[in-house]
Amino acid sequence: MANKWLRPEVYPLFAAVGVAIGICGVQLVRNICINPEVRVNKENRAAGVLENFAEGEKYSEHFLRKYVRNKSPEIMPSVNSFFTDPSKA
């Protein structure tokens, strides 16, 4: 009975679901730990709405966003330029 779910054809499905759960877990931990709008302990919740623009800017401008800011929004730029730029053909 256990061999029914452990076939090799099911491994990619397990991997995809595992990666999705991992991404969700990382995002959850990131939001709980460093999001300026999430307050877990009672003292911080009692503070009300804070004007913490610098902390919010630091949270929203993370490494990945800074890295892709000046990049072209293409998956394969060389293939795209080959098919769209007639001077390179």
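The model shown is predicted, which means the values in this text are computed figures rather than measured ones. (Residues numbered from 1 in each chain as written. Predicted model: local features only at pLDDT ≥ 70, side-chain atom pairs only at ≥ 80, totals over all residues. Heavy atoms only, no water.)

**Some points on the overall build of the protein chain**
Phase 1 of the analysis: Along the protein chain, the regular secondary structure elements total 5 helices and 0 strands.
Phase 2 of the analysis: Taking all 89 residues of the protein chain together, 6% fall into the buried category.
Phase 3 of the analysis: As displayed, the protein chain offers around 8200 Å² of accessible surface, 66% of which is attributable to carbon and sulfur atoms. (Helix = DSSP H or I, 4+ residues; strand = E, 2+ residues; numbered from the N terminus. Buried < 20%, exposed > 50% of the residue type's maximum accessible area, 1.4 Å probe, protein only. Areas by Shrake-Rupley, 256 points an atom, 1.4 Å probe, with all protein chains shown as cover.)

**A look at the pattern of salt bridges**
Phase 1 of the analysis: Taken as a whole and judged by the stated rule, the model has 1 salt bridge.
Phase 2 of the analysis: A salt bridge links Glu61 to Arg69; the shortest N-O distance between them is 2.4 Å. (Salt bridge = Lys/Arg side-chain N within 4 Å of Asp/Glu carboxyl O.)

**With respect to the packing of aromatic side chains**
Phase 1 of the analysis: With the rule as written, the count across this model stands at 2 aromatic pairs.
Phase 2 of the analysis: Consider the rings of Phe63 and Tyr67, whose centres lie 6.3 Å apart with planes at 25°: the pair is stacked. Of this pair, Phe63 and Tyr67 are both found in helix H4 (residues 63–68), 4 residues apart, which corresponds to roughly one turn of the helix.
Phase 3 of the analysis: Ring centres of Phe82 and Phe83 lie 5.1 Å apart, and the angle between their planes is 80°; on these two criteria the pair is classed as edge-to-face.
Phase 4 of the analysis: Sitting over the face of the ring of Tyr67, Lys71 holds its NZ or CZ atom 4.8 Å from the ring centroid. (Phe/Tyr/Trp six-rings, centres within 6.5 Å; stacked < 30°, edge-to-face > 60°. Lys NZ or Arg CZ within 6 Å of the ring centre and 35° of its normal.)

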